[in-house]
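Structural overview for review
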Amino acid sequence: MRTLGIPDIVGPVMVGPSSSHTAGALRIAAMTRALLDRPPADVTFTLYGSFSRTYRGHGTDRALVAGLLGFAADDLRIRDSFQLAQEAGLSFRFEVDPRTKVRHPNTVDLRVTDVDGDVLEVRGESIGGGAARLVRVDGFEVDLTGEFSALIVYQCDRPGTLGFLATTLGRHDINIGSVLLFRNHRGGDAFNVLEVDNPVPQEVLDEIQADSRVSRVRLMPAADLAEHGVEGPGSDDVAPVLAPAEAEARFRKVDYEDGTALLAYAEAEGVTLGQAFLAREELRLAMQGSRGDAGRPYLRRALDVMRESVRLPLARTPQTMGGLIGGEARQVDGMLTGGSGKDLDTYTCAAAYAMAVLETNASMGRIVAAPTAGSAGVVPGVLFALQEERALSDEELVDALATAAAVGYVVTRNATVAGAEGGCQAEMGTASAMAAAAAVQLEGGSPRQALTAAAIALTNMLGLVCDPVGGLVEEPCQKRNASAAANALVSARMALAGVASTAPFDETVDAMRRVGAALPMELRETALGGIATCASCVARCSK
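As a starting point, this report considers the structure included with it. These figures come from a predicted structure and were not determined experimentally. (Residues numbered from 1 in each chain as written. Predicted model: local features only at pLDDT ≥ 70, side-chain atom pairs only at ≥ 80, totals over all residues. Heavy atoms only, no water.)

Regarding empty space enclosed by the protein
Using the criterion set out here, one finds 2 cavities of 30 Å³ or more in the structure. As a volume, the largest cavity reaches approximately 170 Å³. Lining the largest cavity are 21 residues, and of these Gly 374, Glu 427, Cys 466, Cys 477 and Glu 525 sit closest to its centre. Elements that contribute at least two residues to the lining of the largest cavity include exactly helix H2 (19-35), helix H17 (424-442) and helix H19 (477-496). With 3 residues, H17 is the largest single contributor of residues to the lining of the largest cavity. Residue composition of the lining of the largest cavity, grouped by class: 10 nonpolar, 7 polar and 4 charged. A volume near 40 Å³ is recorded for the second largest cavity. Lining the second largest cavity are Thr 272, Leu 273, Thr 403, Gln 441, Gly 445, Ser 446, Pro 447 and Ala 450. Within the lining of the second largest cavity, the residues separate by chemical class into 3 nonpolar, 5 polar and no charged. (1 Å grid on protein atoms, 1.4 Å probe; cavity = no way out; pocket = protein on both sides within 12 Å on 5 of 7 lines; lining within 4 Å. Points joined across faces, edges and corners; volume = space filled by probe spheres on them. Helix = DSSP H or I, 4+ residues; strand = E, 2+ residues; numbered from the N terminus. Nonpolar A, V, L, I, M, F, W, Y, C, P; charged D, E, K, R; others polar.)

Structural notes on the side chain of Thr 22
For Thr 22, the location among the structural elements is in helix H2. A distance of 2.5 Å separates a polar side-chain atom of Thr 22 from the backbone oxygen of His 58. Residues in contact with Thr 22, not counting those within four places in the same chain, are Met 14, Val 15, Gly 16, Pro 17, His 58, Gly 59 and Ala 63. (Polar contact = N/O pair within 3.5 Å; in protein donor to acceptor, adjacent residues only side chain to side chain. Contact = heavy atoms within 4.5 Å.)

Quick notes on unusual backbone geometry
Here the residue pair Gly 16 and Pro 17 is connected by a cis peptide bond, since its omega of 15° sits within 30 degrees of zero. You can see Pro 17 is positioned in the loop between strand E1 (13-15) and H2. With an omega dihedral of 5°, the bond running from Ala 370 to Pro 371 counts as a cis peptide bond. Among the structural elements, Pro 371 can be located in the loop between strand E12 (366-368) and helix H14 (378-390). One non-glycine residue, Met 364, adopts positive backbone phi at about 60°. In this structure, Met 364 sits in the loop between helix H13 (346-362) and E12. Positive phi, normally seen in glycine, also occurs at Ala 527, with a value near 65°. Considering the arrangement of structural elements, one finds Ala 527 in the loop between helix H20 (505-518) and helix H21 (535-542).

Description of the packing of H14 against H19
Relative to each other, H14 and H19 sit at 55°, their axes nearing to 8 Å. When the interaxial angle is binned, H14 and H19 end up oblique. Once H14 is placed against H19, the crossing between them reads as right-handed. Side by side, H14 and H19 meet where Val 378, Val 382, Leu 386 and Glu 389 of the first sit next to Asn 481, Ala 484, Ala 485, Ala 488, Leu 489 and Arg 493 of the second. Taken together, the residues of the contact of H14 with H19 sort by class into 7 nonpolar, 1 polar and 2 charged. (Axes fitted to C-alpha atoms, helices over the stretch in contact; angles between N-to-C directions. Parallel < 35°, antiparallel > 145°, perpendicular 65-115°, else oblique. Left-handed = near helix turned anticlockwise from the far one by under 90°.)

And the structure:
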């Protein structure tokens, strides 16, 4: 199982409009580029499932090209990737295949030719929240997430080859985490995938390549910690935390399997859910060799991006990709009374702020997926509305954002946050649950009350379908963000009043998982059902 961290839940920091269809797609292409020895010259993208139906409206096409150009997920140049690819000499084309059945609805094949004429074929899946994995490389099945560096060795199936690889890596103090070996037949072509814990220097690659049994070596380095805005190994201005081995031993005790385990730790230690999750994050990063408390700096950065994504549409109406929304956040914000003695309506304020984030997202601006881009407005809407109501500090918001991350982590680990897998209940419901738990903390509630509020919020949104009009993350997404923010505040105040949830949090998460699996394909981000098929909505998109 991939080791989830805070940036996987409150993140990535990205350019909209969709975490799974934009940031996740970019991640697939970026991992593919990392496997190339030379810059790409030509690529064919074949899109399956949900990707094949909504790729233009979600910016999947621009993101895939941007990933091959080496752009990060929050690079505003993604909007112009087609032109920039042309200038860089990268030719590209898109083919759609909505009929072939694939394991995951967000699937793409890439056939890339580099400037030397070498060809690489890759299949990738975007698994939600901006995360992705490669599941096929040159016809061989793999499972690469970028969490660890991966050494891919093409070889002859001869005795002693695997031993040679292990000995060579060991001699250079490179620890092997896992090994997958494939072969087409005995004595034929073979394919090794070794995930390693350490960087692999070029001299090691050259040594392996020089062996007569090895025909080719590819290396996909681990995702850089810097892409999440945290310090990597060797930072001089922070103290070391723990050695990776010691951190791994301690990590097992805080790698919470579910909400019950998370709450038990928080209550036993007398800390918030967020503090419990930050303890886990510190050890997770220490296992990768990082130093210092990197969790809180990342959350501060995320909070800054969230604030900017709220501010911009309230100052000036942006031009969104589909033109279905724009200006609504200013309309709702205008209902709030200004001047001295301001009568702040927290619910209206939260709704306006949540809607503003969706306008930023839909115009390919920079946002924080929390947990997805389509639901990115809910958490900041609630946090900033409560900050104004209660004159809270940014550090209090950072603590609450950690609590939101803890709740989102449990859902992501045990169900899904991807609309293509679980419907809008997975995206909007999870975001509302995260915001509800954060609101309880900001209003002085206990960890148990925070988890109760999360359960209530998720229950209230159970069964919500994902039906983006025209395949765009605009309608009804913007209004649902506003409603989910209000739902979070209502759920928080019920929990603070002592109202019990219908079912415990973990059971509610499992119910959401089962409901999502039961939803037909038409109601899971394909734009083939629900409100997306209303005649007036279809007419708007055909203009």
